[in-house]
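These are the residues of each chain, in order.
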Amino acid sequence: MKKQQLTMTELPDLAADSVGQQAEQAALESHLEALQDQLRESAGRGDRREQADLQLQIARTLVGLERGEEAWRSGRSAFDTFIELQDWESAADLCDVLFEAGQEGSLSALGQGIWLTVTFPMDPELSATLLHRVVDETPDDSDGAAVAATTAMFLIDLRAEGQQKENLSFFAGQILGNVARRHSQVENQQQFDQWMERLELKEPDKFLPRLRNVVDVLVQDDWWFDREALQAQLAVN
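1. Here we look at the overall build of the protein
So, step 1. When helices and strands are counted, the protein shows 11 helices and 0 strands.
So, step 2. Of all 237 residues assigned to the protein, the portion counted as buried reaches 41%.
So, step 3. Taking contacts inside the protein between residues at least 6 apart in sequence as the whole, the part at least 24 apart equals 63%.
So, step 4. One way to put it: in the protein the 21 positive side-chain charges average out to a point 3 Å from where the 43 negative ones average out.

2. Some words on unusual backbone geometry
In terms of backbone geometry, most residues other than glycine have negative phi values and most peptide bonds are trans.
So, step 1. The backbone of Gln86 sits at a positive phi, close to 60 degrees, despite the residue not being glycine.
So, step 2. Inspection of the secondary structure assignment puts Gln86 in the loop between α3 (68-84) and α4 (88-100).
So, step 3. Despite not being glycine, Gln185 shows a phi value in the positive range, around 55 degrees.
So, step 4. Position of Gln185 among the secondary structure elements: in the loop between α8 (162-184) and α9 (189-198).
So, step 5. Accessibility expressed as a relative area gives 55% for Gln185, which makes it exposed.

3. Topic: the packing of α4 against helix α5 (residues 106-119)
So, step 1. Interaxial distance between α4 and α5 falls to 8 Å at its minimum, and their mutual angle equals 155 degrees. Considered as vectors, α4 and α5 are oriented roughly antiparallel to each other. When you trace α4 past α5, the crossing you get is left-handed. Along the contact surface, α4 presents Trp88, Ala91, Ala92, Cys95, Leu98 and Phe99, while α5 presents Ser106, Leu107, Ala109, Leu110, Gln112, Gly113 and Leu116.
So, step 2. Partitioning the contact of α4 with α5 into residue classes produces 10 nonpolar, 3 polar and no charged.

4. A closer look at the pattern of salt bridges
So, step 1. Under the definition given, this model contains 18 salt bridges.
So, step 2. For Asp87, the salt bridge goes to Arg49, with nearest N and O atoms at 3.0 Å. Of the two residues, Asp87 is situated in the loop between α3 and α4 and Arg49 in helix α2 (residues 48-64); the sequence distance between them amounts to 38 residues.
So, step 3. Residue Asp87 is classed as buried on the basis of its relative accessible area of 16%.
So, step 4. In this structure Arg49 comes out as partly exposed when scored by relative accessible area, which is 36%.
So, step 5. Of the charged contacts in the structure, one is a salt bridge between Arg60 and Asp93, with a shortest N-O distance of 2.7 Å. Of the two residues, Arg60 is situated in helix α2 and Asp93 in helix α4; the sequence distance between them amounts to 33 residues.
So, step 6. Taking relative accessible area as the criterion, Asp93 reaches 19% and is therefore assigned buried.
So, step 7. Ionic contacts of the salt-bridge type, sharing partners, join the residues Glu29, Arg67 and Glu70 into one network.

5. Remarks on the side chain of His132
So, step 1. Examined against the element boundaries, His132 turns out to sit in helix α6 (residues 124-137).
So, step 2. Once you skip the residues sitting within four places of it in the chain, His132 turns out to touch Ala152, Phe171, Ala172 and Ile175.

6. Some points on the packing of α5 against α6
So, step 1. At a minimum axis separation of 9 Å, α5 and α6 run at an interaxial angle of 140 degrees. When the interaxial angle is binned, α5 and α6 end up oblique. Regarding α5 and α6, the two cross each other, and that crossing is left-handed. Residues Leu107, Leu110, Gly113, Ile114 and Thr117 of α5 form the contact with α6, whose participating residues are Leu126, Ser127, Leu130, Leu131, Arg133, Val134 and Glu137.

What counts as what
- Residues numbered from 1 in each chain as written.
- Predicted model: local features only at pLDDT ≥ 70, side-chain atom pairs only at ≥ 80, totals over all residues.
- Heavy atoms only, no water.
- Helix = DSSP H or I, 4+ residues; strand = E, 2+ residues; numbered from the N terminus.
- Buried < 20%, exposed > 50% of the residue type's maximum accessible area, 1.4 Å probe, protein only.
- Contact = heavy atoms within 4.5 Å.
- Lys, Arg positive; Asp, Glu negative; His and termini not counted.
- Charge placed at Lys NZ, Arg CZ, Asp CG, Glu CD.
- Axes fitted to C-alpha atoms, helices over the stretch in contact; angles between N-to-C directions.
- Parallel < 35°, antiparallel > 145°, perpendicular 65-115°, else oblique.
- Left-handed = near helix turned anticlockwise from the far one by under 90°.
- Nonpolar A, V, L, I, M, F, W, Y, C, P; charged D, E, K, R; others polar.
- Salt bridge = Lys/Arg side-chain N within 4 Å of Asp/Glu carboxyl O.

This is the structure in structure tokens:
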């Protein structure tokens, strides 16, 4: 059996990677300390939005440091504050961070983030990010992945403009094409159109109700807010 050997040119590359990772780790640790100092200082001011924003940043940094349990503790309480302040976009962003924390409730966080980003107008890039998480989390033959990827395209077309719309549409189109390929071995435009027709992905009135089923599977009974109350606020605003 032939043994693998590191060449002299590979050794410096490995060393450089190690140094780079250590530097990134140190930078994140330093950033975390600064954020925690700011959070302690903000306590005396009583600004709940400022504190929640800092908790979100701390949670994101902890995820980068692969300290998911701590990230969850930092972010979960901030979520309730964002909901009370009707800051839907920050709440959805935090759901994505909590999903990446890799904890027991992370799939529920993803589902609730998707509900928020579809229900309330917000940055379409965040919407696409949350919906594309479903693609990564589902089997190749899952209709749920197709529904999520199609909804991402729909929201980008509805909410994005200019260069952002062009960039996001291209990226989301690639993902939808990959979903079609893995789901039904779709290889050309005719097959793609037939696939979209067969799965009823061309009309929002048909695929958006199916997205609710995807969200329900993710969240189960672990809702952190009253959906009807939030929808009532949307109607008032």
